[in-house]
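Examining the three-dimensional arrangement
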Amino acid sequence: MGLIVQKFGGTSVANLERIREVANRALKAQQKGNQVVVVVSAMAGETNRLIKLALEITELPDLREYDALISTGENVSAALLAITINRMGGKAHSLTAYQVPIYVEDSFKDARIKKIETQKIRKLLKAGYIVIVTGFQGIDEEGNVHTLGRGGSDTSAVALSAALKADLCEIYTDVDGIYTTDPNICPEARKIEWISYEEIMEMASAGAKVLHIRSVEIAKNYGVKLAVLSSFENLPGTIVGEGGEKMEKTIVSAVTYDKNEAKITIPRVPDRPGIAAMIFKPLGEANIVVDMIVQNASEQGYTDITFTVRKEDLARAKKITEEVAKKLGGREITTDPNIAKLSIVGVGMRTASGVAAKMFDTLAKAGINIQMISTSEIKISCVIEDKFTELAVRELHSAFELAKKPSRKKQK
Ligand code: ADP
Ligand code: ASP
Ligand code: MG
C-alpha cells in the first residue's frame, strides 16, 4: 500500500466524459490499496478564456484580481471530479489551495510554493477519501490567491508529492510520455523511456511544456519519482529519475521550441557601467522574467541591447523599458512578438565539440536566420522567426538523428 499523487492536465478533464475516465483511474488506484491524491488543471481552454476576458478589459489588469480570476478554472474541475467519483460510489473530497492550505511567496502570476500543510489531506486519506486538490493555485499569508505560472499544476502535484512523501507522482496528459521533440509537430519523435531530472529540466526551461520547469526542480530536490503517462491510453510512459547507469549516452537528446517569448530591443544605449542594471532591475522588481540577453558590439560609445520576455509580460515589460529608455535619452524601443526559441538539449554536449556549428549549419541550410543565441552546459538555444518553428524542429531532429534509438551505456 502506497501513497500516489495523480495529476491530470486540461485535456484530461476537458469534458464530463473525460472526467469520468479520470474518476475511474483514481478509483482503480485506490482499489489497489493506495491512498490517492488527485491534482487537476482547469478544463482545456478555460484558463485561456479567463485570461482573454481580463485582457479585453485592460492590457494591464490588477495582478491580484487577475490571479483571483484565472485560478478559478481549477475549482470547477476539482468539484466536478469529486461529484463524479461520489456519483460512481466512491468517496471524494475536493480542496482548493486555500483549504489545504498551500502557501506561496507573495508574487502574483508566478508564485513559488513555500509550504504545504498536510494534516487535512492526511486526515481525509485516512478516512478513505480520494482527495482532489486544485492545481495552479497557492495563497499568501493574507489569504490572497496566487497562481504558479502557466502549466503550474505540474508543480502543485510534485510539491504535494514531496510534502506527503508520496511513493509516486503520475503526470497524466495528452501524450504518452516525454519524446525527443514535441510529437504533435514531428511525427518522427521517439518516446524516451527514462530521462534524468537534469535533461528534462533543460527541456522544460527551453519550452517543452510537457512538464512545468519548477515541478522538475522540486522533484529533483526532494527525490520525487515521476511518471509521465497518457490519460487516453494505457501505455508505459516516461520515468523521470536520478542520473546513473541508465542514462542514455547521446550528445543531443531532444529538440524543443518555445513560441511564448517576445523580443524587446533598446537601440543606442550608452556603453558604460550600470546601464544593464538600470534596464533589468525594474523588470526584476516587476516579477518579469528576462530570458535571453544580447548586447551588440559597441560603436562610438553606444550599443543595442536586445532581450526576451514571456509574451504575456510584453505589455508590462514594454512600459517599464520605455521609461528606462526615456531616461537614457529618449530612444524608441522596438518589440517583436513573432519569434520562437529553438533549443537542443543533451548531457553529452558537455564533452562534445561541433554541436553548435551543426545546429547553425542545419538552420542555415533550411534558410532560417538566427536572431539571438545563448548556450548553457547542456543546451544551445537560438531565436528565429516563429513561422519557421516546425520546419526548424524537424530539420534539427533529423540532423541529430534523434529518431534512432540510442544504445544504453553506463555513465562513467
Ligand atoms: P497538460 O494540459 O496535460 O498539462 P500540456 O499541453 O501542458 O498538457 O503538455 C503536453 C503537451 O506538451 C503535448 O501535447 C505536446 O504537444 C507538448 N510537448 C512539447 N514537447 C514535448 C516533448 N518533448 N514530449 C512530449 N510532449 C511535448
Ligand atoms: N490551468 C493552468 C494553465 O492553463 C495550469 C495548468 O494547466 O497546469 O496554465
Ligand atoms: Mg501542462
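Everything here concerns the structure above.
Analysis parameters
Residues numbered from 1 in each chain as written. Chains lettered and ligands numbered in written order. Predicted model: local features only at pLDDT ≥ 70, side-chain atom pairs only at ≥ 80, totals over all residues. Heavy atoms only, no water. Buried < 20%, exposed > 50% of the residue type's maximum accessible area, 1.4 Å probe, protein only. Helix = DSSP H or I, 4+ residues; strand = E, 2+ residues; numbered from the N terminus. Contact = heavy atoms within 4.5 Å. Near = heavy atom within 4 Å. Polar contact = N/O pair within 3.5 Å; in protein donor to acceptor, adjacent residues only side chain to side chain. Areas by Shrake-Rupley, 256 points an atom, 1.4 Å probe, with all protein chains shown as cover. Nonpolar A, V, L, I, M, F, W, Y, C, P; charged D, E, K, R; others polar. Core = buried A, V, L, I, M, F, W, Y, C linked by side-chain atoms within 4.5 Å. Pairing = 2+ DSSP bridges. Axes fitted to C-alpha atoms, helices over the stretch in contact; angles between N-to-C directions. Parallel < 35°, antiparallel > 145°, perpendicular 65-115°, else oblique. Salt bridge = Lys/Arg side-chain N within 4 Å of Asp/Glu carboxyl O. Phe/Tyr/Trp six-rings, centres within 6.5 Å; stacked < 30°, edge-to-face > 60°.

1. Notes on helix α8 (residues 213-222)
For α8, the set of buried residues is Arg214, Ser215, Val216, Ile218 and Ala219. Taken from the residues just after α8, glycine 223 is the one with a positive phi, measuring 65°.

2. Regarding the environment of methionine 88
Its location among the elements puts methionine 88 in the loop between α4 (72-87) and β3 (92-95). On a C-alpha basis, the gap between methionine 88 and isoleucine 368 in space is 54 Å, while along the polypeptide they are 280 residues apart. Those residues in contact with methionine 88 that lie beyond four places of it in its chain are Arg20, Ala23, Asn24 and Leu27.

3. Section: the site of ligand 1
Taken together, 18 residues lie around ligand 1, and Thr173, Asp174, Tyr179, Asp182 and Asn184 are the ones closest in. Tyrosine 179 is positioned with one of its backbone polar atoms (N or O) 2.9 Å from a nitrogen atom of ligand 1. Contact distances for ligand 1 include 3.3 Å between an oxygen atom and a side-chain N or O atom of lysine 209. Contact with the protein chains covers 88% of the free accessible surface of ligand 1, which is 570 Å². A per-class count over the shell around ligand 1 returns eight nonpolar, six polar and four charged.

4. Points about the nonpolar core
Grouped together as the largest cluster of nonpolar side chains are 41 residues, with contacts concentrated most on Val37, Ile121, Val133, Ile178, Leu211, Leu226 and Val240. Of the residues forming this core, the biggest block, six residues, is contributed by helix α6 (residues 153-164). Counting 22 residues, the second largest nonpolar core, distinct from the first, contains Val13, Ala26, Ala29 and Ile85.

5. Points about the sheet that holds strand β20 (residues 379-385)
Taken in spatial order, the four strands of this open sheet run β13-β18-β20-β19, and their pairing is antiparallel. For this open sheet the edge positions go to β13 (254-258) and β19 (372-376), each flanked by a neighbour on one side alone. If you compare each strand with its neighbour and ignore which way they point, the axes differ by 20° on average. Of the pairings in the sheet, the one linking strand β18 (residues 339-345) to β20 comprises seven bridges and is antiparallel in character. Bridging across to β20, isoleucine 339 finds its partner in glutamate 385. On top of the sheet, helix α7 (residues 197-205) reaches β13, β18, β19 and β20; it is set at about 170° to β18, its chief contact.

6. Here we look at the packing of helix α3 (residues 63-70) against α4
One way to put it is that α3 packs onto α4 with a least axis distance of 4 Å and a crossing angle of 20°. As the angle between them shows, α3 and α4 are arranged roughly parallel. For the pair α3 and α4, the contacting residues are Ala68, Leu69 and Ile70 in the first and Thr72, Gly73 and Glu74 in the second.

7. Some words on the pattern of salt bridges
Per the stated rule, a full pass over the model turns up 22 salt bridges. For the salt bridge of aspartate 176 with lysine 191, the shortest nitrogen-to-oxygen distance reads 3.1 Å. Pair noted here: aspartate 176 is in the loop between β9 (168-173) and β10 (194-196) and lysine 191 is in the loop between β9 and β10, with a separation of 15 residues, a long-range link. With relative accessibility at 23%, the residue lysine 191 sits in the partly exposed group. A single salt-bridge network, built from bridges that share partners, covers Lys109, Asp110, Arg214, Arg310, Asp313 and Arg316.

8. Observations concerning the packing of aromatic side chains
Using the criterion set out here, one finds two aromatic pairs in the structure. A centroid spacing of 4.8 Å and a plane angle of 5° characterise the contact between phenylalanine 8 and tyrosine 172, whose relative ring orientation is stacked. One end of the pair, phenylalanine 8, is in strand β1 (residues 3-8); the other, tyrosine 172, is in strand β9, and 164 residues separate them in sequence. Here phenylalanine 8 matches tyrosine 172 in class, with each residue buried. Taken together, a centroid distance of 5.0 Å and an interplanar angle of 80° make the contact between phenylalanine 280 and phenylalanine 307 edge-to-face. Of this pair, phenylalanine 280 sits in helix α9 (residues 275-285) while phenylalanine 307 sits in strand β16 (residues 302-310), placing them 27 residues apart in sequence. Comparing phenylalanine 280 with phenylalanine 307 shows no difference in burial state: the two are buried.

9. A short note on the sheet that holds β16
In spatial order, the strands read β15-β16-β14-β17; together these four strands make up an open sheet with antiparallel pairing. For this open sheet the edge positions go to β15 (290-295) and β17 (334-336), each flanked by a neighbour on one side alone. The average undirected angle you get between the axes of adjacent strands in this sheet is 20°. Those strands touched by α9 are β14 (261-270), β15 and β16, and its axis lies near 20° from that of β16. Against the sheet, helix α10 (residues 314-327) contacts β14, β16 and β17, and its axis sits at roughly 0° relative to β14.

10. Remarks on the site of ligand 2
Residues in contact with ligand 2, as listed here, are Ser41, Ala42, Thr47, Glu74, Phe136, Arg150, Gly151, Gly152 and Ser153. Separating a nitrogen atom of ligand 2 from a side-chain N or O atom of glutamate 74 is a distance of 2.7 Å. The backbone of glycine 151 places a nitrogen or oxygen atom 2.9 Å from an oxygen atom of ligand 2. Protein contacts shield 86% of the accessible area of ligand 2, which totals 260 Å² for the unbound molecule. In the shell around ligand 2, the residues fall into two nonpolar, five polar and two charged.

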